[in-house]
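Now for the letters of each chain:
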Protein chains: 2
Amino acid sequence: MSSSRRPSPPDVSPAERDALRLWVVLSRAHAAIATHAAADVARHGLTLAEFGVLEALYHKGPMLLGEVQRSLLVSSGGVTYLVDRLEQRGLVRRDKCAEDRRARYAVLTDAGTAFVREVFPQHAAAVAGAMAGLSADEQRVARSLLRTLGTQAAELEAEQEREPAA
Amino acid sequence: MSSSRRPSPPDVSPAERDALRLWVVLSRAHAAIATHAAADVARHGLTLAEFGVLEALYHKGPMLLGEVQRSLLVSSGGVTYLVDRLEQRGLVRRDKCAEDRRARYAVLTDAGTAFVREVFPQHAAAVAGAMAGLSADEQRVARSLLRTLGTQAAELEAEQEREPAA
DNA sequence: GGTACAACTCTCAGCGCTGAGATTCTAGCG
DNA sequence: CGCTAGAATCTCAGCGCTGAGAGTTGTACC
């Protein structure tokens, strides 16, 4: 029973300590950029997820709702919610899918396309501004590292789903 | 009025395009790691934010609620909510602050200290496992880049708050 | 063809958190 | 000393999203 204010550190290896620090730094960087990006799209009354739907549809054309779901990493209920909101604003429309009557396409309306065309460059500039702390080369390195980090972690996820209990 | 399925890309510079790609990759990496970390603490019925409070108190000792708030980047209502929950579980206690009767300390109870001591190493291992896609050297580089990215972006935020209208 | 199973979407209760306002207290100034 | 500005916390309405379950349609195997 030590009465010291600072408790003795539990057994955590230096490598684990480093991983935890990276996790903190990754979280803070993500939060900082997300705040910027969210503030930018909020000027148009949109959330980041809503804007993500528009962006995806703009770049990939009409998508099944399930594709949008996997592309944005949201839940099934989430896609319904997001597309509902964008539909109410007249930016997106739901179209029937001829090959599969369970599925539906999300499609940008003309107004939606015009909206993205106008807003996307501003958003790109806002994100680039938030990233300006790193040089172009540093951004390239960061992108490469984060890509492998993300895909490896996601793969680990998939493995653990295949064998839930050890 | 091109009728092409793929709309012509709006005017976005290559640098901005790269920044956007980095933003996507950063988001996905964060989401993947967060999923892992959240699943780990969920085994003990905790959220990541709740665990963050415990971790902060464990490493820094008693903290004013405002310090916890700034440390975890949550809202004022968020701290109240988080500390309420941890207090209900008997892991944290609120102590009066002698110097300032408006403020209150959040303090780990004995049970809370014991809990962190037991769970923290497991959590460190889980996070390290999620980071295993990068070598130790790569993690160091990533940490350095993300640190400057995060602090620079946060500083930009602070500047814009000082002069809200241009 | 029928039957079981899986895929796609939607519904809805509820969680975690935000942010504006209320409350309580401190600090500084005349 | 009284007063005002502002800080620390709490309250509470409400937002964005999750995830389990329902409804519907496609698929594969008897």
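These numbers come from a predicted model, not from an experiment.

A. Structural detail: the protein's contact with DNA strand D. Residues in close proximity to DNA strand D total 23 residues, the closest being A:Ser75, A:Arg85, B:Leu65, B:Gly66 and B:Arg102. Backbone sugar and phosphate groups make up 66% of those atoms of DNA strand D lying within 4 Å of the protein. Contacts to DNA strand D include A:Tyr81, whose side-chain N or O atom sits 2.9 Å from a phosphate oxygen. At 3.3 Å, a side-chain N or O of A:Arg102 approaches a base oxygen of DNA strand D. Listing elements by their share of the surface near DNA strand D, those giving two or more residues are helix H4 (76–88) of chain A together with helix H3 (65–72) and helix H4 (76–88) of chain B. In terms of residue count, the dominant contributor to the surface near DNA strand D is H4(A) (six residues). Looking at the surface near DNA strand D residue by residue, the class counts come to seven nonpolar, nine polar and seven charged.

B. Structural detail: the environment of B:Ser135. Note on placement: B:Ser135 falls in the loop between helix H5 (110–130) and helix H6 (136–162). Residues B:Ser135 and B:Val79 lie 56 residues apart in sequence; the distance between their C-alpha atoms is 36 Å.

C. The sheet that holds strand E3 (residues 104–108) of chain A, seen in detail. All names here are of chain A. Spatially, three strands are ordered E1-E3-E2 in an open sheet, and the strand pairing comes out antiparallel. At either end of the open sheet lies a strand with only one pairing partner, and these are strand E1 (63–64) and strand E2 (92–96). In this structure, E1 lies alongside E3, joined through two bridges in antiparallel fashion. Its bridge partner lying in E3, Leu64 is registered against Tyr105. In the packing of helix H2 (residues 48–60) onto the sheet, contacts are made with E1, E2 and E3, and the angle to E3 comes to roughly 90 degrees.

D. A look at the interface of chain B and chain A. Contacts between chain B and chain A engage 65 residues on the former and 65 residues on the latter. For the chain B and chain A pair, buried surface summed over both sides reaches about 6,000 Å², with 73% attributable to carbon and sulfur atoms. Among the residues of chain B in contact with chain A, B:Leu22, B:Trp23 and B:Arg143 are the three that bury the most area, contributing 11% of the side total. In this assembly, chain B and chain A are joined by two salt bridges.

E. Inspection of the protein's contact with DNA strand C at higher detail. Neighbouring residues of DNA strand C: 23 residues in total, closest A:Leu65, A:Gly66, A:Arg102, B:Ser75 and B:Arg85. Protein-adjacent atoms of DNA strand C, using a 4 Å cutoff, are sugar or phosphate at a proportion of 65%. Here a phosphate oxygen of DNA strand C sits 3.2 Å away from a polar atom, N or O, in the side chain of A:Arg104. It is H4(B) that contributes the most residues to the surface near DNA strand C, six residues altogether. Counted by class, the surface near DNA strand C contains seven nonpolar, nine polar and seven charged residues.

F. Examining unusual backbone geometry more closely. Residue and element names in this part refer to chain A. At Leu73, a residue that is not glycine, the phi angle is positive and equals roughly 60 degrees. As for its position among the elements, Leu73 is in the loop between helix H3 (65–72) and H4. Its relative accessible area of 52% is what places Leu73 among the exposed residues.

G. Structural detail: the relation of the copies chain B and chain A. The two copies are related by a screw operation: chain B maps onto chain A through 180 degrees of rotation and 0.0 Å of translation along the axis, at an RMSD of 0.0 Å. Taken together, the rotation and translation relating the two chain copies correspond to the operation of a two-fold axis. Ranked by how close their C-alpha atoms come to the rotation axis, the residues of chain B are headed by B:Ala142, at 3.2 Å.

Reading the values: rules and limits
Residues numbered from 1 in each chain as written. Chains lettered and ligands numbered in written order. Predicted model: local features only at pLDDT ≥ 70, side-chain atom pairs only at ≥ 80, totals over all residues. Heavy atoms only, no water. Near = heavy atom within 4 Å. Polar contact = N/O pair within 3.5 Å; in protein donor to acceptor, adjacent residues only side chain to side chain. Helix = DSSP H or I, 4+ residues; strand = E, 2+ residues; numbered from the N terminus. Nonpolar A, V, L, I, M, F, W, Y, C, P; charged D, E, K, R; others polar. Pairing = 2+ DSSP bridges. Contact = heavy atoms within 4.5 Å. Axes fitted to C-alpha atoms, helices over the stretch in contact; angles between N-to-C directions. Buried area = accessible area lost by both parts, 1.4 Å probe. Salt bridge = Lys/Arg side-chain N within 4 Å of Asp/Glu carboxyl O. Buried < 20%, exposed > 50% of the residue type's maximum accessible area, 1.4 Å probe, protein only. Least-squares fit on C-alpha atoms with pLDDT ≥ 70 in both.

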